[in-house]
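# Descriptive analysis of the structure
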Amino acid sequence: MEQPADKPRSKKPDEYTFLDTELLTRHVTDTGKILPRRITHFTAKEQRHVTKTIKRARSLLLMK
């Protein structure tokens, strides 16, 4: 079943890439710390993926 053209499909946390800096910044504090699972309510697998993706984006200087 296809999504309507006017509604963008929201990504799941395990589908984030290092280019999705706007989505990744939601999971980082103002001081740059990655939010823990108890706040984000991600599964362990999703949290590992988001952490790895944030670190990859940081190393490419796409986000701080």
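Structure: see above.
Below you will find a few notes about this structure.

Rules and cut-offs
Residues numbered from 1 in each chain as written. Predicted model: local features only at pLDDT ≥ 70, side-chain atom pairs only at ≥ 80, totals over all residues. Heavy atoms only, no water. Helix = DSSP H or I, 4+ residues; strand = E, 2+ residues; numbered from the N terminus. Buried < 20%, exposed > 50% of the residue type's maximum accessible area, 1.4 Å probe, protein only. Contact = heavy atoms within 4.5 Å. Areas by Shrake-Rupley, 256 points an atom, 1.4 Å probe, with all protein chains shown as cover. Core = buried A, V, L, I, M, F, W, Y, C linked by side-chain atoms within 4.5 Å. Expected span 1.5 Å × (residues − 1). Arc of directions from axis to C-beta.

## What about the overall build of the protein?
- Of regular secondary structure, the protein possesses 3 helices and 0 strands.
- From first element to last, N terminus to C terminus, the protein shows the α and β order α-α-α.
- Split into buried and exposed, the 64 residues of the protein put 28% on the buried side.
- Summarising the internal contacts of the protein: among those between residues at least 6 apart in sequence, 49% fall at separations of at least 24.
- When the accessible surface of the protein is split by element, carbon and sulfur atoms take 53% of a total near 5300 Å².

## Description of the environment of His27
- Positionally, His27 belongs in the loop between helix H1 (21-24) and helix H2 (37-40).
- Taking the relative accessible area as the measure of exposure, His27 reaches 11% and is therefore buried.
- Along the primary structure His27 and Thr51 are separated by 24 residues, whereas in three dimensions their C-alpha atoms are 9.1 Å apart.

## Some details on the nonpolar core
- Membership of the largest hydrophobic core is limited to 8 residues, which are Tyr16, Leu24, Val28, Phe42, Val50, Ile54, Ala57 and Met63.
- Ranked by residues supplied to this core, first place goes to helix H3 (residues 44-59) with 3 residues.
- Not counting the four nearest positions on each side in its chain, Tyr16 is found in contact with Lys11, Leu23, Leu24, His27, His49, Val50 and Thr53.

## Details of H3
- Between its first and last C-alpha, H3 extends 23 Å over 16 residues, near the 22 Å set by a 1.5 Å rise per residue.
- Looking only at H3, the buried set comprises Glu46, Gln47, Val50, Thr51, Thr53, Ile54 and Ala57. Projected down its long axis, H3 carries its buried residues within an arc of 165°, all on one side. Summarising the geometry of H3, the exposed residues directed more than 90 degrees from the buried face are Lys45, Arg48, Lys52, Lys55 and Ser59.

None of the figures reported here should be taken as evidence of function without further support.
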